[in-house]
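Report on the structure
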Amino acid sequence: MRLIVIAFLALIVVSLGSALFHLLKHHGTSTRTVKALALRVLLSVTLFVILMAGYYFGLIRDRL
């Protein structure tokens, strides 16, 4: 479970970096920035759901 969380956090950071790169490269005229930020939100919500489900099913103990 810990590796899944770390992988999701890494993907979120990469998506945020991609959005910043496209924002700076295209000066805000590209839709790639919006798509990268939307992907980041999707990954964040998915990670939240995975963490809540893991806690509910007992895969995550009280102590992290």
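Look a little higher up for the structure.
Residues numbered from 1 in each chain as written. Predicted model: local features only at pLDDT ≥ 70, side-chain atom pairs only at ≥ 80, totals over all residues. Heavy atoms only, no water.

From N to C terminus, the protein includes 2 helices and 0 strands. Computed over its C-alpha atoms, the radius of gyration of the protein comes to 15 Å, more than 25% above the 11 Å expected for a compact globule of 64 residues. Relative to its full complement of 64 residues, the protein shows a buried share of 20%. A separation of at least 24 residues holds for 59% of the contacts in the protein among residues at least 6 apart in sequence. (Helix = DSSP H or I, 4+ residues; strand = E, 2+ residues; numbered from the N terminus. Rg over C-alpha atoms; globule rule 2.2 N^0.38 Å. Buried < 20%, exposed > 50% of the residue type's maximum accessible area, 1.4 Å probe, protein only. Contact = heavy atoms within 4.5 Å.)

Position of Ser15 among the secondary structure elements: in helix H1 (residues 2-26). Leaving out residues up to four positions away in the same chain, Ser15 has contacts with Ala36, Leu39 and Arg40.

Let us now look at the nonpolar core. Counting 5 residues, the largest nonpolar core is built from Val5, Phe8, Ile12, Leu43 and Leu47. Among the elements of the structure, H1 and helix H2 (32-56) are those that each provide at least two residues to this core. Top element by residues in this core is H1. It accounts for 3 residues. Not counting chain neighbours up to four residues away, the residues in contact with Phe8 comprise Leu43, Thr46, Leu47 and Ile50. (Core = buried A, V, L, I, M, F, W, Y, C linked by side-chain atoms within 4.5 Å.)

A word on a nonpolar patch on the surface. Residues Met1, Ile4, Tyr56, Phe57 and Leu59 make up a contiguous nonpolar surface patch of about 610 Å² in total accessible area. Mapped onto the elements, Ile4 comes out in helix H1. (Patch = residues over 30% accessible without salt bridge, like charges linked within 9 Å, V, L, I, M, F, W, Y side chains within 5 Å. Areas by Shrake-Rupley, 256 points an atom, 1.4 Å probe, with all protein chains shown as cover. Salt bridge = Lys/Arg side-chain N within 4 Å of Asp/Glu carboxyl O.)

Scanning all chains against the criterion turns up 1 aromatic pair. Each ring, one from Tyr56 and one from Phe57, has its centre 5.1 Å from the other, and the planes form 75°; the classification is edge-to-face. As far as burial versus exposure is concerned, Tyr56 and Phe57 are alike and both exposed. (Phe/Tyr/Trp six-rings, centres within 6.5 Å; stacked < 30°, edge-to-face > 60°.)

Looking at the element boundaries, Ala19 is found in helix H1. For Ala19, a relative accessible area of 4% translates into the label buried. As for Ala19 and Leu37, which are separated by 18 residues in sequence, their C-alpha atoms are 6.2 Å apart. In this structure Ala19 touches Thr33, Ala36 and Leu37, once residues within four positions along its chain are discounted.

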